[in-house]
Amino acid sequence: MENKSYLIDMDGVLVYGKKMIPGADKFIQTLRDKNCKFLILTNNSIYTPIDLAHRLQTSGLDVNEREIYTSAMATANFMKTQKAGGNAFVIGESGLNLAVHEAGFILTPENPDFVVLGETFDYNFRQVTKAIRLILLGAHFLATNPDPTGPSDEGIVPACGAMATLIEKASGKSPFFCGKPNPFMMRSALNHLGVHSENTVMIGDRMDTDIVAGLQSGMETILVLSGVTTLKDIENFPYRPNHIYKSISEIEI
(Lines give C-alpha, C1' and ligand atoms only; values in the text may rest on other atoms or scores of the structure.)
Protein backbone atom coordinates (compact mmCIF):
# COMPACT_ATOMS: atom_id res chain seq x y z
CA MET A 1 0.00 0.00 0.00
CA GLU A 2 1.32 3.43 -0.98
CA ASN A 3 2.26 5.76 1.85
CA LYS A 4 0.05 8.75 2.50
CA SER A 5 1.34 12.20 1.62
CA TYR A 6 1.08 15.19 3.93
CA LEU A 7 0.40 18.90 3.58
CA ILE A 8 1.43 20.50 6.87
CA ASP A 9 0.61 24.00 8.03
CA MET A 10 3.60 25.74 9.56
CA ASP A 11 2.62 28.24 12.27
CA GLY A 12 0.80 26.60 15.14
CA VAL A 13 1.64 23.09 13.90
CA LEU A 14 5.43 22.91 13.55
CA VAL A 15 6.39 26.16 15.25
CA TYR A 16 4.79 28.74 17.51
CA GLY A 17 6.52 32.03 16.95
CA LYS A 18 10.23 31.23 16.85
CA LYS A 19 9.95 28.06 18.95
CA MET A 20 9.51 24.55 17.61
CA ILE A 21 6.45 22.73 18.91
CA PRO A 22 7.74 19.68 20.82
CA GLY A 23 7.79 16.57 18.67
CA ALA A 24 7.69 18.39 15.33
CA ASP A 25 11.27 17.39 14.52
CA LYS A 26 10.54 13.72 15.21
CA PHE A 27 7.40 13.88 13.04
CA ILE A 28 9.37 15.27 10.07
CA GLN A 29 12.06 12.64 10.57
CA THR A 30 9.44 9.88 10.62
CA LEU A 31 8.06 11.15 7.30
CA ARG A 32 11.56 10.92 5.86
CA ASP A 33 12.18 7.46 7.32
CA LYS A 34 8.94 6.14 5.80
CA ASN A 35 9.51 7.92 2.45
CA CYS A 36 6.30 9.93 2.78
CA LYS A 37 6.03 12.95 0.50
CA PHE A 38 5.21 16.19 2.29
CA LEU A 39 5.02 19.94 1.85
CA ILE A 40 4.95 22.60 4.54
CA LEU A 41 2.27 25.16 3.71
CA THR A 42 2.00 28.73 4.91
CA ASN A 43 -0.21 31.70 4.14
CA ASN A 44 2.71 33.92 5.08
CA SER A 45 3.84 35.62 1.87
CA ILE A 46 6.52 37.81 3.44
CA TYR A 47 9.40 35.35 3.22
CA THR A 48 10.89 33.27 0.41
CA PRO A 49 11.04 29.48 0.88
CA ILE A 50 14.78 29.81 1.55
CA ASP A 51 14.10 32.34 4.31
CA LEU A 52 11.41 30.13 5.85
CA ALA A 53 13.61 27.03 5.67
CA HIS A 54 16.33 28.92 7.55
CA ARG A 55 13.80 30.02 10.16
CA LEU A 56 12.63 26.43 10.67
CA GLN A 57 16.21 25.14 10.76
CA THR A 58 17.00 27.72 13.45
CA SER A 59 14.05 26.36 15.42
CA GLY A 60 15.47 22.83 15.18
CA LEU A 61 13.61 21.43 12.16
CA ASP A 62 15.50 19.70 9.34
CA VAL A 63 13.73 21.05 6.26
CA ASN A 64 14.83 22.66 2.99
CA GLU A 65 13.27 25.27 0.72
CA ARG A 66 11.93 22.67 -1.74
CA GLU A 67 9.68 21.36 1.04
CA ILE A 68 7.93 24.70 1.59
CA TYR A 69 4.98 26.11 -0.36
CA THR A 70 3.67 29.62 0.30
CA SER A 71 0.56 31.61 -0.58
CA ALA A 72 2.87 33.83 -2.66
CA MET A 73 3.78 30.82 -4.82
CA ALA A 74 0.10 29.87 -5.17
CA THR A 75 -0.75 33.46 -6.15
CA ALA A 76 1.97 33.51 -8.80
CA ASN A 77 0.74 30.18 -10.17
CA PHE A 78 -2.81 31.51 -10.34
CA MET A 79 -1.62 34.59 -12.22
CA LYS A 80 0.04 32.37 -14.82
CA THR A 81 -3.27 30.58 -15.42
CA GLN A 82 -4.99 33.93 -15.99
CA LYS A 83 -2.49 35.87 -18.09
CA ALA A 84 1.02 34.53 -18.46
CA GLY A 85 3.70 37.12 -18.98
CA GLY A 86 1.64 40.07 -17.80
CA ASN A 87 2.40 43.04 -15.56
CA ALA A 88 1.68 43.42 -11.86
CA PHE A 89 1.71 46.08 -9.16
CA VAL A 90 2.69 44.31 -5.95
CA ILE A 91 2.35 45.38 -2.34
CA GLY A 92 4.43 42.94 -0.34
CA GLU A 93 7.85 41.78 0.73
CA SER A 94 10.54 39.67 -0.94
CA GLY A 95 8.58 36.42 -0.75
CA LEU A 96 5.76 37.77 -2.93
CA ASN A 97 7.87 39.95 -5.19
CA LEU A 98 10.23 37.08 -6.00
CA ALA A 99 7.43 34.56 -6.63
CA VAL A 100 5.62 36.93 -9.03
CA HIS A 101 8.85 37.85 -10.80
CA GLU A 102 9.94 34.21 -11.17
CA ALA A 103 6.52 33.41 -12.65
CA GLY A 104 7.40 35.72 -15.54
CA PHE A 105 5.63 38.92 -14.57
CA ILE A 106 7.01 42.43 -14.86
CA LEU A 107 6.60 44.43 -11.64
CA THR A 108 5.37 47.90 -12.55
CA PRO A 109 2.85 50.54 -11.41
CA GLU A 110 2.18 51.48 -15.03
CA ASN A 111 -1.05 49.98 -16.40
CA PRO A 112 -0.68 46.58 -14.65
CA ASP A 113 -2.89 43.58 -15.36
CA PHE A 114 -2.96 42.73 -11.65
CA VAL A 115 -2.79 44.48 -8.32
CA VAL A 116 -1.39 41.90 -5.91
CA LEU A 117 -1.63 42.41 -2.15
CA GLY A 118 0.37 40.38 0.33
CA GLU A 119 1.68 40.58 3.86
CA THR A 120 4.19 43.32 4.60
CA PHE A 121 6.01 44.78 7.56
CA ASP A 122 4.88 48.31 6.73
CA TYR A 123 1.78 49.10 4.67
CA ASN A 124 2.46 52.36 2.86
CA PHE A 125 -0.53 54.69 2.45
CA ARG A 126 0.73 55.97 -0.90
CA GLN A 127 1.04 52.41 -2.20
CA VAL A 128 -2.44 51.53 -0.97
CA THR A 129 -3.85 54.64 -2.64
CA LYS A 130 -2.06 53.70 -5.87
CA ALA A 131 -3.50 50.18 -5.67
CA ILE A 132 -7.03 51.50 -5.25
CA ARG A 133 -6.68 53.79 -8.26
CA LEU A 134 -5.24 51.01 -10.44
CA ILE A 135 -8.09 48.68 -9.48
CA LEU A 136 -10.59 51.40 -10.39
CA LEU A 137 -8.85 51.65 -13.77
CA GLY A 138 -9.40 47.93 -14.39
CA ALA A 139 -6.52 45.99 -12.83
CA HIS A 140 -7.57 42.63 -11.38
CA PHE A 141 -7.37 42.60 -7.57
CA LEU A 142 -5.60 39.57 -6.09
CA ALA A 143 -4.55 38.95 -2.49
CA THR A 144 -2.41 36.21 -1.03
CA ASN A 145 -4.57 35.30 1.96
CA PRO A 146 -7.71 36.39 3.85
CA ASP A 147 -6.25 36.25 7.38
CA PRO A 148 -7.25 39.52 9.13
CA THR A 149 -4.51 39.21 11.74
CA GLY A 150 -1.22 37.41 12.19
CA PRO A 151 0.99 36.51 15.15
CA SER A 152 4.12 38.33 16.27
CA ASP A 153 6.32 38.20 19.34
CA GLU A 154 4.61 41.37 20.61
CA GLY A 155 1.05 40.22 19.88
CA ILE A 156 -1.28 40.19 16.88
CA VAL A 157 -0.65 42.42 13.87
CA PRO A 158 -3.00 43.42 11.03
CA ALA A 159 -2.59 41.00 8.14
CA CYS A 160 -3.42 40.83 4.45
CA GLY A 161 -7.15 40.26 4.93
CA ALA A 162 -7.55 43.45 6.96
CA MET A 163 -5.78 45.59 4.35
CA ALA A 164 -7.71 43.86 1.55
CA THR A 165 -10.95 44.94 3.24
CA LEU A 166 -9.77 48.55 3.26
CA ILE A 167 -8.92 48.44 -0.46
CA GLU A 168 -12.20 46.65 -1.25
CA LYS A 169 -14.19 49.29 0.64
CA ALA A 170 -12.47 52.14 -1.21
CA SER A 171 -12.49 50.56 -4.68
CA GLY A 172 -15.76 48.65 -4.59
CA LYS A 173 -13.90 45.61 -5.95
CA SER A 174 -13.56 42.35 -4.05
CA PRO A 175 -10.18 40.58 -4.09
CA PHE A 176 -9.58 37.01 -5.17
CA PHE A 177 -7.68 35.32 -2.35
CA CYS A 178 -5.26 32.70 -3.66
CA GLY A 179 -4.04 31.22 -0.36
CA LYS A 180 -5.83 29.03 2.16
CA PRO A 181 -8.72 28.34 2.40
CA ASN A 182 -8.98 28.63 -1.40
CA PRO A 183 -8.83 25.07 -2.78
CA PHE A 184 -6.67 26.50 -5.58
CA MET A 185 -3.72 26.66 -3.17
CA MET A 186 -4.33 23.08 -2.11
CA ARG A 187 -4.55 21.79 -5.70
CA SER A 188 -1.49 23.84 -6.59
CA ALA A 189 0.42 22.32 -3.66
CA LEU A 190 -0.72 18.80 -4.59
CA ASN A 191 0.49 19.35 -8.17
CA HIS A 192 3.76 20.76 -6.86
CA LEU A 193 4.23 17.61 -4.78
CA GLY A 194 2.97 15.29 -7.54
CA VAL A 195 0.32 13.54 -5.43
CA HIS A 196 -3.46 13.10 -5.34
CA SER A 197 -5.93 14.42 -2.76
CA GLU A 198 -7.43 10.98 -2.05
CA ASN A 199 -4.16 9.83 -0.53
CA THR A 200 -3.11 13.08 1.16
CA VAL A 201 -3.63 14.35 4.69
CA MET A 202 -3.94 18.04 5.60
CA ILE A 203 -2.61 18.90 9.07
CA GLY A 204 -3.47 22.34 10.45
CA ASP A 205 -4.38 24.35 13.52
CA ARG A 206 -7.16 26.51 12.03
CA MET A 207 -10.68 25.36 11.25
CA ASP A 208 -11.40 28.32 8.96
CA THR A 209 -8.37 27.91 6.70
CA ASP A 210 -6.54 24.59 7.05
CA ILE A 211 -9.40 22.21 7.79
CA VAL A 212 -12.01 23.69 5.44
CA ALA A 213 -9.42 23.86 2.63
CA GLY A 214 -8.54 20.21 3.18
CA LEU A 215 -12.18 19.14 3.23
CA GLN A 216 -13.05 21.11 0.09
CA SER A 217 -10.07 19.56 -1.68
CA GLY A 218 -11.06 15.99 -0.81
CA MET A 219 -8.30 15.31 1.70
CA GLU A 220 -8.26 13.62 5.08
CA THR A 221 -7.92 16.33 7.73
CA ILE A 222 -6.18 16.52 11.10
CA LEU A 223 -6.66 19.42 13.50
CA VAL A 224 -3.99 20.02 16.14
CA LEU A 225 -4.72 22.10 19.23
CA SER A 226 -1.20 23.53 19.52
CA GLY A 227 -2.09 26.73 17.62
CA VAL A 228 -5.09 29.04 17.68
CA THR A 229 -8.00 26.58 17.90
CA THR A 230 -9.44 25.09 21.09
CA LEU A 231 -11.84 22.18 21.46
CA LYS A 232 -14.62 24.63 22.28
CA ASP A 233 -13.94 26.63 19.09
CA ILE A 234 -14.70 23.59 16.93
CA GLU A 235 -18.38 23.80 17.92
CA ASN A 236 -18.64 27.12 16.07
CA PHE A 237 -18.19 25.42 12.69
CA PRO A 238 -20.66 23.28 10.70
CA TYR A 239 -17.93 20.81 9.69
CA ARG A 240 -15.47 18.62 11.53
CA PRO A 241 -11.91 17.42 10.96
CA ASN A 242 -11.39 13.68 10.56
CA HIS A 243 -9.05 13.62 13.56
CA ILE A 244 -8.14 15.92 16.46
CA TYR A 245 -4.86 15.77 18.38
CA LYS A 246 -3.28 17.94 21.06
CA SER A 247 -0.19 18.37 18.90
CA ILE A 248 1.71 16.90 15.99
CA SER A 249 3.65 14.69 18.39
CA GLU A 250 0.53 12.52 18.88
CA ILE A 251 0.00 11.75 15.18
CA GLU A 252 0.93 8.22 14.15
CA ILE A 253 2.00 7.61 10.57
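All figures in this text were calculated on a predicted structure; none of them were measured in a lab.

**Considerations on the side chain of Asn182**
On the secondary structure map, Asn182 appears in the loop between β12 (176-177) and α7 (183-193). At 2.8 Å, the side chain of Asn182 forms a polar contact with the backbone nitrogen of Phe184. Apart from the residues within four sequence positions on either side, Asn182 is in contact with Phe176 and Phe177.

**Things to note about the sheet that holds strand β9 (residues 140-143)**
Strand pairing in a sheet relies on backbone hydrogen bonds, with the paired strands running either antiparallel or parallel. In spatial order, the strands read β7-β6-β8-β9-β12; together these five strands make up an open sheet with parallel pairing. Edge positions in the open sheet fall to β7 (106-107) and β12, since each of these has one partner strand only. In this sheet, strand β8 (residues 114-117) lies alongside strand β6 (residues 87-91) in parallel orientation, the contact comprising four bridges. Across the sheet, the residue bridging to Ala88 is Phe114, located in β8.

**Here's the deal with the packing of aromatic side chains**
Enumeration according to the criterion identifies six aromatic pairs in this entry. Ring centres of Phe78 and Phe176 lie 4.5 Å apart, and the angle between their planes is 20°; this geometry places the pair in the stacked category. With Phe78 in helix α3 (residues 71-83) and Phe176 in strand β12, this pair connects stretches of sequence that are 98 residues apart. The buried category is assigned to Phe78, whose relative accessible area is 11%. Judged by centre distance (5.6 Å) and plane angle (50°), the rings of Phe237 and Tyr239 are tilted. Its relative accessible area of 24% is what places Phe237 among the partly exposed residues. In this structure Tyr239 comes out as buried when scored by relative accessible area, which is 19%. Through successive ring pairs, a cluster of aromatic residues spans Phe78, Phe176 and Phe184.

**Describing unusual backbone geometry**
The omega angle of the peptide bond from Lys180 to Pro181 is 10°, so this bond is cis rather than trans. Checked against the element boundaries, Pro181 lands in the loop between β12 and α7. If you check the backbone angles, Asn111 has positive phi at about 50° while not being a glycine.

**Description of the sheet that holds strand β4 (residues 38-42)**
Strand order in the open sheet formed by six strands is β5-β4-β1-β13-β14-β15, and the pairing between neighbours is parallel. For this open sheet the edge positions go to β5 (68-70) and β15 (243-245), each flanked by a neighbour on one side alone. Across this sheet, the average inter-strand angle for adjacent strands is 25°, counted without regard to direction. By the bridge criterion, three bridges tie strand β14 (residues 220-224) to β15 in an arrangement that is parallel. Residue pairing across strands places Leu223 opposite Ile244, the latter belonging to β15. On top of the sheet, α3 reaches β4 and β5; it is set at about 65° to β5, its chief contact. Lying over the sheet, helix α8 (residues 207-216) contacts β1 (5-9), β13 (200-204) and β14, oriented at roughly 165° with respect to β14.

Calculation notes
Residues numbered from 1 in each chain as written. Predicted model: local features only at pLDDT ≥ 70, side-chain atom pairs only at ≥ 80, totals over all residues. Heavy atoms only, no water. Helix = DSSP H or I, 4+ residues; strand = E, 2+ residues; numbered from the N terminus. Polar contact = N/O pair within 3.5 Å; in protein donor to acceptor, adjacent residues only side chain to side chain. Contact = heavy atoms within 4.5 Å. Pairing = 2+ DSSP bridges. Phe/Tyr/Trp six-rings, centres within 6.5 Å; stacked < 30°, edge-to-face > 60°. Buried < 20%, exposed > 50% of the residue type's maximum accessible area, 1.4 Å probe, protein only. Axes fitted to C-alpha atoms, helices over the stretch in contact; angles between N-to-C directions.

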